[in-house]
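# Observations on the three-dimensional arrangement
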Amino acid sequence: MVKQVFYFSVLMLFLISCGGNNNILGSDSTDLNNNDNTFDGNTSRDWLIPVSEVKDGGPGKDGIPSIDTPKFIDANDANANFLKDEDLVIGIVKNGEIRAYPHKILDWHEIVNDNFNDDFITINYCPLTGTAFGWNSFADGAKSTFGVSGLLYNTNLILYDRSTSSYWSQLKLKCVNGILIGDEPLLENVVETNWKTWKALYPNTKVLSIDTGFSRDYNNYPYGDYKTNNDFFLFTASPSNDALPNKERVYAILDNDISKVYQFQKFSGGKVIKEVFNGKEYLVVGNENLIYSFELNLSQSNLNYQYDFNNSEIFFKDNEGNKWSIFGEALEGPRVGEKLKISKSVVSFWFAIAAFYPNPEIYTE
């Protein structure tokens, strides 16, 4: 317990000293219950989440600085300089660009505002819930950037857009306060896996550089044993669910307010399953390091799929002779160029899915 308090104290002091303690909630977060309380031009009465459960994370607005001018290096340079095979990365393929964003950097910055040949994408990661998304960098119909608000809901990141100062709950995938309240981000397809798997899929990938413009020790995880200690929380999430260990990383399909969860250990050695969840037929493919899923149409549902990853871009195949990438594009065969519809999903610590999507279904073999 002393170790946990030490790590938390050091983290808060460091972040506050780097970013300033610009506390938009004031010293008492219960001020949010006062309908006359305002900040950034927004009234606190209009929230889509319980305002009493919106917590001040400590560092303040932009106290954890986003990366707004990212630099990238080649995979070989990342291998040599700072990435190990087991390090987790967020991967994206967009407009001919292939990029990886290491957790080691995202742990310290949480948000990267990036540009893919004039398509602007915000990569956002919450280290406290282990969740990452990519979404279009637009707010109120115009290009924007996103930052770390300093607020948390159910111990999960709340972003703010710099165009309107509206607040966005990452795991609810919705604007929860401000003039854009109720808006949902337009998601981009990203995967989370380890560096070894990503560079096997895409050896020509670029990697977010540690040359961020900030002084951080990216080889040092800033939260102590948080990732592995199931009883260590900086903030609480509710409801809780003890069906799985709190910090177990799971893959979750999200459909409105419900979810189905898949454990990586159930896909060890490679696996493909087809099943119906909430009235939709899904194809779920993966191994112990990477799981992804797709919504199938009637034509695609009639195919039989097999895992087929051999350290190349091809990840699975079917009985027609088509070979598919992890992003669901047919790279070879009679359907070459066809794309499967990627489902809404995320990799997450179990406790976070259980809090945001109560009583999630758990896949059993």
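Here is a short report on the structure shown in this document.

The rules we used
- Residues numbered from 1 in each chain as written.
- Predicted model: local features only at pLDDT ≥ 70, side-chain atom pairs only at ≥ 80, totals over all residues.
- Heavy atoms only, no water.
- Helix = DSSP H or I, 4+ residues; strand = E, 2+ residues; numbered from the N terminus.
- Buried < 20%, exposed > 50% of the residue type's maximum accessible area, 1.4 Å probe, protein only.
- Contact = heavy atoms within 4.5 Å.
- Areas by Shrake-Rupley, 256 points an atom, 1.4 Å probe, with all protein chains shown as cover.
- Phe/Tyr/Trp six-rings, centres within 6.5 Å; stacked < 30°, edge-to-face > 60°.
- Lys NZ or Arg CZ within 6 Å of the ring centre and 35° of its normal.
- Pairing = 2+ DSSP bridges.
- Salt bridge = Lys/Arg side-chain N within 4 Å of Asp/Glu carboxyl O.

### Describing the overall build of the protein
- Across its full length, the protein holds six helices and 30 strands.
- Of all 365 residues assigned to the protein, the portion counted as buried reaches 56%.
- In the protein, the share of contacts with a sequence separation of at least 24, taken over all contacts with a separation of at least 6, comes to 59%.
- Total accessible area on the protein stands at roughly 15,300 Å², and carbon and sulfur atoms take up 45% of it.

### Here's the deal with the packing of aromatic side chains
- Under the definition given, this model contains 28 aromatic pairs.
- Plain terms: the ring middles of Y307 and F315 are 5.6 Å apart, the flat faces sit at 85 degrees to each other, and that makes the pair edge-to-face.
- On the basis of relative accessible area, F315 is assigned to the buried category, the value being 0%.
- Over the ring of F72 we find R99, and its NZ or CZ is 4.9 Å from the ring centre.
- Seen from the ring of F264, R249 lies directly overhead, with NZ or CZ sitting 5.0 Å from the centre.

### Digging into the environment of L83
- You can see L83 is positioned in the loop between α2 (75-81) and β5 (88-94).
- On the basis of relative accessibility, which here comes to 5%, the residue L83 falls in the buried class.
- Spatially, the C-alpha atoms of L83 and P102 are 8.0 Å apart, while their sequence positions differ by 19 residues.

### Digging into the pairing of strand β23 (residues 291-295)
- The element β23 is largely enclosed, with a buried count of five among its five residues.
- In β23, alternate side chains face the same way, and those of I291, S293 and E295 on one face and Y292 and F294 on the other are all buried.
- Bridge analysis of strand β22 (residues 280-286) against β23 gives five bridges, and the strand direction is antiparallel. When the sheet's bridge partners are listed, V285 is paired in β23 with Y292.
- Linking β22 to β23, which pair antiparallel, is a turn of four residues.

### Some points on the pairing of strand β21 (residues 271-277)
- Judged by which residues are buried, β21 turns out to be one-sided: K271, I273, E275 and F277 face inward and are buried, whereas V272, K274 and V276, on the alternate face, are not.
- Pairing of β21 with β22, which is carried by seven bridges, proceeds in the antiparallel orientation. Following the sheet pairing, F277 is matched in β22 by K280.
- Between β21 and β22, which pair antiparallel and follow one another directly, the connecting turn spans two residues, one of which, N278, has a positive phi of 55 degrees.

### What to know about the side chain of N154
- By the secondary structure assignment, N154 is in the loop between β12 (146-153) and β13 (156-161).
- What makes N154 buried here is its relative accessible area of 7%.
- Leave out the neighbours within four places in its chain, and N154 touches E53, T129, T236, A237, S238, A355 and F356.

### Some remarks on the pattern of salt bridges
- Tallied over the entire structure, the rule returns 19 salt bridges.
- For D68, the salt bridge goes to R162, with nearest N and O atoms at 3.3 Å. On the criterion of sequence distance, the pair formed by D68 in the loop between β3 (54-56) and β4 (72-74) and R162 in the loop between β13 and β14 (167-169) is long-range, its members being 94 residues apart.
- Two residues, K94 and E188, come together in a salt bridge whose shortest N-O distance is 3.2 Å. Of the two residues, K94 sits in strand β5 while E188 sits in strand β16 (residues 187-188), which places them 94 residues apart along the sequence.
- Residue K94 is classed as buried on the basis of its relative accessible area, which comes to 16%.
- Exposure remark for E188: the relative accessible area of 16% places this residue in the buried category.
- It is possible to trace a salt-bridge network through shared partners that takes in D62, D68 and R162.

### As for the sheet that holds β22
- If you walk across this open sheet you meet the four strands as β21-β22-β23-β28, and the pairing is antiparallel. Of all strands in the sheet, those bounded by a partner on one side alone are β21 and β28 (341-342).
- Sheet topology note: the β23/β28 ladder contains two bridges and is antiparallel. Across the sheet, the residue bridging to F294 is I342, located in β28.

### Regarding unusual backbone geometry
- In the segment running from S238 into P239, the intervening peptide bond is cis, with an omega of 0 degrees.
- Along the chain, P239 turns up in the loop between β18 (206-208) and β19 (249-255).
- A positive phi angle, near 55 degrees, is found at N95, a position not held by glycine.
- Along the chain, N95 turns up in the loop between β5 and β6 (97-102).

Scope: geometric values only; no functional claims are made or implied.
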